[in-house]
Amino acid sequence: MDYDPQELEAEWRDRWADEARYEPDPGDAAAPEDEETTFITVPYPYPSGGMHIGHARTYTVPDVYARYRRQQGDNVLFPMAWHVTGTPIIGAVERLQKREESQMSVLQDTYNVSDDVLEDLETPMGYAHHFIEEHYKKGMRSLGLSIDWRREFTTNDDRYSKFITWQYETLKERGRLEKGLHPVKYCTEQENPVTTHDLLEGEDVEYQEYTLIKFSHAGDGEGGDANDETVIPMATLRPETVRGVTNAYINTEATYVEASVDGETWLVSVEAAEKLELQDHDVEIHREFPGSEVVGETVTNPVTGDEIIILPAEFVDPDNATGVVMSVPAHSPDDYLALQEAKADPDRLKSYGIDPDEVEAIEPIPILDVEGYGEIPAKDAVESAGITNSTDPDLEEVTQDVYNAEFHTGTLHDEYGEYAGEVIEDVRDELAAHYREQGAFGAMYDFPEPVISRAGGKVVVAYQDTWFLTYNDEDWEEAAKRAVERLDATPENTRGEYTHTIDWLNEWPCIRNYGLGTRLPWDDEFVIEPLSDSTIYMAYYTIAHRLEEIPVDDLDREFFDALFYGADAVEGAADERALDLRAEWQYWYPVTQRFSANDLISNHLTFFLYHHAELFDEAQWPEGITIMGMGLLEGEKMSSSKGHVVLPGKAIENYGADTVRFFLLNSAEPWQDYDWRAEQVEGVEDQLRRFWNRAQELIDDEAAAAADGVDPDSDLEHIDRWLLSKLQTTIADVTAALDNAETRTASQAAFYGFEEHLKWYRRRADLDRDGAQWTLRHVLETRLRLLAPFIPFMTNELHEQLTGTPAEDAPWPEVDESWESPRTETEERQIERLADDIQDILTVTEQDPATIRVYVAADWKRKVFETVREVGTDVGQIMGEVMQDPDLRERGDAVNDLAQDLVELVRGVDDETLAAMAEIDEVSTYETAVDFLEREYDADVAVYAEDGDDIDDPEGRASKAVPFRPAIHIE
């Protein structure tokens, strides 16, 4: 039967659908309460675009685990739903309605949306349903994901909103929600708070609190009182450097404003004025003017009283903080170079009416001492790095190195009074608070780089009177940390990331002004935001399909209280329907494994732990989280907006789903980044095709008939038993790897690793023997079960052809101890090494051998080996033991040399293998391989004992033999 993946996979998809194969229910076992269950979840997709090959891997890894656990005998639930909460889909629809070029390119060029379908996408849920049905579900089904589709829902469904309503009413009642002003990410286009899921650019960028140093500029008498002062605030993340400021910079081409800010007159950029107003400042703009108007003016440092000059600089971004920056050239490599460049351009300074000599006189002012640097750290840093201009790409790293060193080890000079001699890290916050109380400092929030929403709007930091989750409540933090402690975190080194997130996490604004999703129950002007409505939806999966039978209006607070907390949680009689659903929730819960992305540890995954810790008993807390890495495409990050993606449908059309799955699964472990490369995918397709063809050879009637008459207890040879022993090791390795979600390790062992064993077996064995046919069929049947989670279409088909049963219906293989034989494996390893040694000699000497003589070490040498095995690798101790034997003592230096050789031989060898080596009769072992060696090298092969009576040793090679390293003579 030829291998046609498209035809084969289509048949199995239809078969799975017809059988409702992956729709588990409680009660499938005789005693449901005793049945082993596995509940697997993965972040539900946000269908603001189509599914690409990166998503394919995200969902295929948990599918492997689901299939593995089913073969282990568990009742397994692997559900899927759709996250539509928030504004990304609304933003995508708005860009579509405007027919924006970039959006049209994504839809038509990347996702192949035809013109006649575009109109259906012009409503948010129409848009969402298109990508759910035409991309995600088709892609997931094509990949053979074993999902229970009965339980799917969207986060905009009425019943799901009732569930979210219950959650937030409960959290509010328990004091986990408060209302107040809070900084949030805010889209200026939609005038709405946003979170990570709403962002097009800057998803990983977090806002920072800048200290504003309130420099002042005296009035000039024009249009007002000459005594009036204008505050020119300059933002910094290093407020301790205020005493080291030598000058300021402003962008001459940008537009600035003079405005009243909370009763003071401020000079800031237009963009800064907008941000300050959004951050709950009272802002009234009086006039606008170019930055060039204040170039050459001086301002007063509020801490030192020093006058500093404002210099022109195009590098100043008016959209960053206040649009005016202070310069600390002693401690900022950027500022040091900028000052040198200003001094080197006197003509430009003159064009702004600035005396170049005044700028030339500016010198860095050191304000701290730091180990590893001289008096002027910034100067030392750029000079040692060989950086001479501000455009050098290495400058950023050098600057960060200086900042880190100063923060962790820098001590302040005497001018800082009570803070003198203190390390910056210990006093920065206290120092800033001190000057803030004196009125010299202020504060504002901003992003260190641009952030753009999916609606195309600029995102800034705004204060909102908002409801927020009090994640910084001490008792809630402690409960979340307990959830982390009991978590099976994969990989283990991610555990600390959860704890770190809990430590810095404060209040979390949980509502937005508009968007899709659930309305805040007690204030329906607001919508619960995406990260806040996706914390315990895993519980909803367990009952989603059965809630459809219950009217929406019946799903009130008491219904869900009874469902999740039992009959005693409500007054009066509990709803029997809720108690019935409670049994199913308890049957599946808790979540066994959640597969998710590393970047979600800092928000969603930690929220997931917080909410479970608050709302459910410890028995229902998540058991495990496995982190997923990022996908690359031909070495570059995938990007739907740039069209740099591969669609699963196209990949499956080209290669078949099994090939796509297998490449995604064995190219890297789940938590590692992987790279989709077409050439390598084609290689996987070829390997699977060869696997299929070899399987067909073993499935045919002739091979089956040959194997049927074999008695495995008496008809198998050494090489057959070696392969069967290797098979047991592979079973153990694959099982251990999948228990740890190590899909690459598991698939490599089951497929590529064992193919190497088969390659050797085919060289060694007479494949026409009935025993060889039995062995190969037995191995194939076992490997098909091991590979079933990875390539389910091919393995189910081949296993059914071979045994009459699909692979997924066969139990997971268990190690058969009767086939385990360390001695057999060690014997065969010796034969393989002997063959390699012979080949090495032939390669070097370029001989065409007629006779090959193999000499096995004499018995006295085996005595020394036994001593090494028993004593260990201490040569002195070994010699102390062997010299007690008169026969060995007579051999003197020869024994000492041999002992050292054997120490090197056994170093790192495990005890089981050493014990097996001690049992081996080397002469007999090599004699069993004489026929093989003669076939391999087309030569006569003879095996001799070094101390044997019949030895033929024409060139005296036998004495070179060492235990397990026979001497070889070729003529």
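Residues numbered from 1 in each chain as written. Predicted model: local features only at pLDDT ≥ 70, side-chain atom pairs only at ≥ 80, totals over all residues. Heavy atoms only, no water.

Helix and strand counts for the protein chain come out as 37 helices and 32 strands. The principal-axis extents of the C-alpha atoms in the protein chain amount to approximately 120 × 80 × 55 Å. The buried share among the 971 residues of the protein chain stands at 55%. Put simply, 76% of the contacts in the protein chain that link residues at least 6 apart link residues at least 24 apart. Side-chain charges in the protein chain split into 80 positive and 213 negative, and the spacing between the mean points of these groups amounts to 5 Å. (Helix = DSSP H or I, 4+ residues; strand = E, 2+ residues; numbered from the N terminus. Buried < 20%, exposed > 50% of the residue type's maximum accessible area, 1.4 Å probe, protein only. Contact = heavy atoms within 4.5 Å. Lys, Arg positive; Asp, Glu negative; His and termini not counted. Charge placed at Lys NZ, Arg CZ, Asp CG, Glu CD.)

By secondary structure assignment, the location of Asp561 is in helix 19 (residues 557-565). Through-space distance from the C-alpha of Asp561 to that of Leu579 is 9.8 Å; in sequence the pair is 18 residues apart. Contact partners of Asp561, with chain neighbours within four places excluded, come to Trp166, Thr170, Gly566, Ala569 and Val570.

Within the largest apolar cluster, 129 residues are counted, with the highest numbers of intra-cluster contacts made by Ile53, Met80, Tyr127, Met140, Trp676, Ile838 and Ile852. When residues of this core are assigned to their parent elements, the largest contribution, 9 residues, is made by helix 26 (residues 718-739). Residue contacts for Met140: discarding those within four places in its chain leaves Pro45, Met51, Tyr59, Met80, Trp82, Leu145, Ile147 and Trp149. Counting residues in hydrophobic clusters, the runner-up holds 70 residues, among them Leu487, Ile601, Phe607 and Phe608. (Core = buried A, V, L, I, M, F, W, Y, C linked by side-chain atoms within 4.5 Å.)

With an omega of -5 degrees, the peptide bond running from Thr490 to Pro491 counts as cis. Secondary-structure assignment places Pro491 in the loop between strand 20 (488-490) and helix 16 (495-504). The omega angle of the peptide bond from Tyr589 to Pro590 is 10 degrees, so this bond is cis rather than trans. Tracing the backbone through its elements, the reader meets Pro590 in the loop between helix 20 (576-588) and strand 25 (593-597). Phi angles above zero are rare outside glycine, and Arg99 is one such case at about 55 degrees. By the element assignment, Arg99 lies in the loop between helix 3 (88-97) and helix 4 (101-110). The class of Arg99 is partly exposed, set by a relative accessible area of 39%.

This brings us to the pairing of strand 26 (residues 624-628). Of all the 5 residues making up strand 26, 5 are buried; the element is thus mostly covered by neighbouring parts of the structure. Burial along strand 26 is two-sided: Gly624, Thr626 and Met628 and Ile625 and Ile627, pointing in opposite directions, are all buried. Pairing of strand 20 with strand 26 involves 3 bridges; the strand directions are parallel. Bridge assignment links Asp488 to a residue of strand 26, and that residue is Gly624. Bridging between strand 25 and strand 26 involves 4 bridges; their strand directions are parallel. Considered in strand 26, the bridge of Phe595 is made with Thr626. (Pairing = 2+ DSSP bridges.)

Right, let's get into the packing of aromatic side chains. Taken as a whole and judged by the stated rule, the model has 57 aromatic pairs. With 5.5 Å between their ring centres and 85 degrees between their planes, Tyr207 and Tyr445 make a pair best called edge-to-face. A residue pair is termed long-range when its members are at least 10 positions apart, and Tyr207 in the loop between strand 5 (199-201) and strand 6 (208-218) and Tyr445 in strand 17 (residues 441-446) qualify at 238 residues. Accessibility expressed as a relative area gives 24% for Tyr207, which makes it partly exposed. According to the relative accessible area criterion, Tyr445 is buried, its value standing at 15%. A cation over an aromatic ring shows up here: Lys137 above the ring of Trp149, its NZ or CZ 5.2 Å from the ring centre. (Phe/Tyr/Trp six-rings, centres within 6.5 Å; stacked < 30°, edge-to-face > 60°. Lys NZ or Arg CZ within 6 Å of the ring centre and 35° of its normal.)

Read from one edge of the open sheet, 3 strands run 28-27-29, paired in mixed fashion. The strands lining the two open edges of the sheet, one partner per strand, are strand 28 (636-637) and strand 29 (674-676). Bridge count between strand 27 (residues 631-633) and strand 28: 2 bridges; the pairing is antiparallel. From the neighbouring strand, Leu633 faces strand 28, where its bridge partner is Glu636.

On the surface, Asp2, Asp4, Glu7, Glu11, Asp14 and Asp18 cluster together into a negatively charged patch. With respect to the element layout, Asp14 can be found in helix 1 (residues 5-19). (Patch = residues over 30% accessible without salt bridge, like charges linked within 9 Å, V, L, I, M, F, W, Y side chains within 5 Å. Areas by Shrake-Rupley, 256 points an atom, 1.4 Å probe, with all protein chains shown as cover. Salt bridge = Lys/Arg side-chain N within 4 Å of Asp/Glu carboxyl O.)

Looking at the protein chain as a whole, its pLDDT mean stands at 92, while 98% of the residues score no less than 70. Across the protein chain, the element-wise mean pLDDT spans from 82 in strand 4 (residues 192-193) up to 98 in helix 17 (residues 537-541). Predicted confidence is poor over residues 221-226, with pLDDT under 50, and the contacts of this stretch with residues over four places away or in other chains come to 4 contacts. (pLDDT = per-residue confidence, 0-100.)

Here the focus is the environment of Phe39. Looking at the secondary structure, you find Phe39 in strand 1 (residues 37-41). C-alpha separation for the pair Phe39 and Thr211, spaced 172 residues apart in sequence, amounts to 48 Å. Sequence-distant contacts of Phe39, defined by excluding residues within four places in its chain, comprise Leu77, Pro79, Met538, Tyr541, Thr542, Trp588, Tyr589, Pro590, Val591, Thr592 and Gln593.

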